[in-house]
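As a plain string of letters, each chain reads:
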Amino acid sequence: MEIRKYSEEELKALPFMNSNLSIEERVEDLLIRLTLEEKFKLLTGRHRWETSPIKRLGIKPFLTSDGPNGVAPHSSNYKEATYFPVGICRASTWNRELCYEFGKALASETREVGAHMILAPGVNIIRTPMCGRNFEYQTEDPYLNKELTVPFIKGVQEERIAACVKHYICNNQETNRFTYNALVSQRALEEIYFPAFKAAVEEANVFSAMGAYNKINGFYACEHDYLLKKILIEKWGFKGFVVSDWNATQYIERPEDALNAYLTLEMPRARIYKRRNLQEAFEEQRFTIDVLDENIRRLLRVMFFVGLFDAPESLPKGYRNIKAHQNLARKMAEEGIVLLKNENKILPLEKDKIQKIAIIGPNADKQMSEGGGSSSVRPPYDITPYQGLKEKCGDHISIVNDASKADFVFLVLGLNHEPGNDCENADRSSYKLPKEQIDLIHQTTKANPKTIIILINGTPVSMTEWINMVPALIEVWYPGMEGGRALADIIFGEVNPSGKLPVTFPKKLSDSPAHKSELSYPGDNEKNVHYDEDIFVGYRYFDTEDIEPLYPFGYGLSYTEFTYDNLRLDKKVLSENDILTVEMDIINSGIREGAEVVQLYIHDVGCSIKRPEKELKGFTKIKLTPNQRETLSFHVKKENLMFYNENSDSWTIEEGAFKILIGPSSRDIRLEGDFQYKTK
Ligand code: BGC
C-alpha cells in the first residue's frame, strides 16, 4: 500500500477534518486512511500520559490526566489546580447536583491544562475499611454509587472532556494489587460490583473505562473477554475505549488476548502492544483486521468527541483555580462533612460565649492535598482545620496551646496519605488510630472534658476504646482546599451539617464482612481473594446478621430535627409494568434551617433466596426552614425489587410481600409501608 503524504492544505480539506460531519463519519474516514503500522502505534501510550501522534494525518497526542480529586500535578507539568473534597467526602453529600457541578468544574480544569481525558471517577465498592484507596472511592452501596457516578460523568462530558470510570473491576484492596485474583460470584458482580459501571455506560455514555490491575475469576481485567467484550461492550453497549491501568498489562502474555477482549489503549507505554508482537500476532491470524479496526474506531471516536481535530475556539473553554471552583469545593465540603456525635447539643458553638479555644493534634494544621498516590493535587492554598478555625475566631476568640485553659478543645486526629494509611499501593496497617493519638485523647480529655474530636481520614477507623470519652465528633474526611473554612462554619453553626455516611463504621474489624477469614482478606497463599461475603457487603451484612455497627450506613446528625410523617402508597399491589408512587411528608421540626437526606429502602419479605434485610433504592436531599413541611415522592418499579438468581442466570423477581422503609439512616426507619408484587 502506498502511503499518501498530504500537504497542510490537503489535510485540512480531508472529510475527517470537517467538524460539520458526524463523529461516526469522521471516524470511518480517518480509519481507512491509517496504515497497519499507524494503527499499532495508536494502541499504546508514550511519555506516561499521552498517545503517540501520527503527524502524517494530523493526529495529535491524546492527553490524559489524573485524577478524581482535582487535576494532578504529576500529569499536568506540576500545575496548581483546585483541590476538591475526596470521593468518600463527595459521596457523603448524597447530592447528585453537586456531583454534576463537580464533574463540570473538573472537566474545565482538565481542559485548561490541555488534557482530553480525566482519569476519574473512581467507583470501586468500599468492601473493607482497610483498603488504602477508599478515600478516592465513594461508598459500599451500589445504588448510591451509581446515583452519584452518573451526574458526575454527565458533567464532565458535557464539557467535551472524556471521563474514565475506574477501576473495572473488583479492585477493592491494595495488598497484592497487581496480581490478586478476586474470586467473586456472578450474583455479587451483578448486584454489588457492576451497577456503577453499568450506569456509567447506559445512563451517562462514559467514553472510557480503565481496566484494573487485578484478576477476576482467573483472568486479568485487561484481557478479560467476558468482562470487557461480553459485558461492557456487548451487553451494556459501551461506545468508548478501554484503557489499561498504568502497567496493568505487565503480566499479560499474549497481545491478542487483550486486543480481542477490546483493551484498546495500553498505558503508559508498549509492553504487550509492541509493534513486533502485534505484527507477528497479526500475521499468524491471532487477531483480525476487524478486531483491530474496532479497537481503533473506539479510540478515534473519543478523540473526535474531545475535539482533538477541531479549532480550540470551537470547544468549551477551560478555567483553573477560579473562585467558582473554590466555592464549589467549599460547598462540597460543607455538605460532605458528617456530624457523628453531639451530646447535649454541645455544637454549634456560640461565638459570643467563648473566649479561648485550643486546636491540637497531628492533623490540626497538616495539608493533605499532595500524597497518597495518583489522586494527589497541588492547590494554590489549602485551608487546614487550624487555619479555618483561626480565621473564624478572628480577634474575638483567642487560640491557646494549653487544653486545660480553653473553653473548648478541638483535637484533630485521623490518618494521612503516608503508606499504611489512606494511600495507593498499600492497605492500612491497622484499623485503629495510632497509639500516640489514643494517648492524646486520654491526656486531652483529662485536661478538658469539652474536647471535640475532628477526624481527617478517608475510611472508617475504630473508635470503641475512646468514643465515650468525648461529647462530640465530626468526620471531616479529606475535605479539599476549602475544608478548614467549611469545618469552622459547621462548628459555629453558620452551616448546618447535612452529610451522611456512605459506609458503615464497624465497631471492630472482625465485624466487617470481608474480614471473616484471611481467605476473604487479604487472600490465600496463591493470592486468591475469596469474596465469601458475596452480596452481603457493608450494611447488607450488618443488618442481615444483626451486628450493631458503631455508626450505620446513611447516618449523620443535624442541628435541627426532622419529622417523618404521613406515608402513602398509591397501590397495594404492584404489577409488572406499573410504578408504585410512594409519598411522605418531611417537616423541619427544629429551630434551624437544615437539609435532610431522606432514604428509601426495600425489604423483600418472603424470598426463596437469601436477600439483604434492606437495600437502598431511593433518596432525596431536601433543605427546609423551621416548620416547613414538604411532600416527597419516590417511584418504585419492578427493577427496584429484583435480585440476581444464579440458578437461572438472570435478574428475577418473586411474587409476594415487600416493605418500604423510610428514614434518616439505614438503622433509623421512621416510616414503613407494605405492598405486594404480582406479575399480572
Ligand atoms: C492508578 C490509577 C491512575 C494511574 C495513572 C495507577 O497506578 O491505579 O488510578 O489513574 O495509575 O496515574
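Residues numbered from 1 in each chain as written. Predicted model: local features only at pLDDT ≥ 70, side-chain atom pairs only at ≥ 80, totals over all residues. Heavy atoms only, no water.

Some remarks on the domain arrangement of the protein
Often the size quoted for an interface is simply the accessible area lost on bringing the parts together.
So, point 1. Taken domain by domain, the protein holds domain 1 (332-544) and domain 2 (562-677).
So, point 2. A separation of 31 Å is found between the C-alpha centroids of domain 1 and domain 2.
So, point 3. Contact residues are listed per partner, giving 13 residues for domain 1 and 19 residues for domain 2.
So, point 4. Interface area for domain 1 against domain 2, summed over the two sides, is near 1,300 Å², with a carbon-plus-sulfur share of 47%.
So, point 5. For the salt bridge of Lys614 with Asp543, the shortest nitrogen-to-oxygen distance reads 2.7 Å.
So, point 6. Joining domain 1 to domain 2, the criterion identifies twelve residue pairs in polar contact (both at pLDDT 80 or more).
So, point 7. For the side of domain 1 that touches domain 2, the leading source of residues is helix H17 (residues 539-544), giving five residues. (Domains from an automatic or database assignment. Contact = heavy atoms within 4.5 Å. Buried area = accessible area lost by both parts, 1.4 Å probe. Salt bridge = Lys/Arg side-chain N within 4 Å of Asp/Glu carboxyl O. Polar contact = N/O pair within 3.5 Å; in protein donor to acceptor, adjacent residues only side chain to side chain. Helix = DSSP H or I, 4+ residues; strand = E, 2+ residues; numbered from the N terminus.)

Overview of the sheet that holds strand S15 (residues 451-456)
So, point 1. A sheet is described by the order of its strands in space; here six strands give the open sequence S11-S16-S15-S14-S12-S13, paired in mixed fashion. The sheet terminates laterally at strand S11 (338-342) and strand S13 (398-399), the two strands that pair on one side only.
So, point 2. One ladder, built from six bridges, connects strand S14 (residues 408-414) with S15; its direction is parallel. Counted as the bridge partner of Leu413 is Leu455 from S15.
So, point 3. Against the sheet, helix H15 (residues 435-447) makes contact with strand S12 (356-360), S14 and S15, and its axis sits at roughly 175° relative to S14, the strand it touches most. (Pairing = 2+ DSSP bridges. Axes fitted to C-alpha atoms, helices over the stretch in contact; angles between N-to-C directions.)

Considerations on the packing of aromatic side chains
So, point 1. Tallied over the entire structure, the rule returns 26 aromatic pairs.
So, point 2. Measuring from centroid to centroid gives 6.4 Å for Phe40 and Phe287, while their planes differ by 75°, and the two rings are edge-to-face. Linking Phe40 in helix H3 (residues 36-42) with Phe287 in the loop between helix H11 (275-283) and helix H12 (289-305), this pair joins segments that are 247 residues apart in sequence. Here Phe40 matches Phe287 in class, with each residue buried.
So, point 3. Three or more aromatic residues joined by ring pairs make a cluster, and in this case those are Trp94, Tyr143, Tyr539, Phe553, Tyr601 and Phe619. (Phe/Tyr/Trp six-rings, centres within 6.5 Å; stacked < 30°, edge-to-face > 60°. Buried < 20%, exposed > 50% of the residue type's maximum accessible area, 1.4 Å probe, protein only.)

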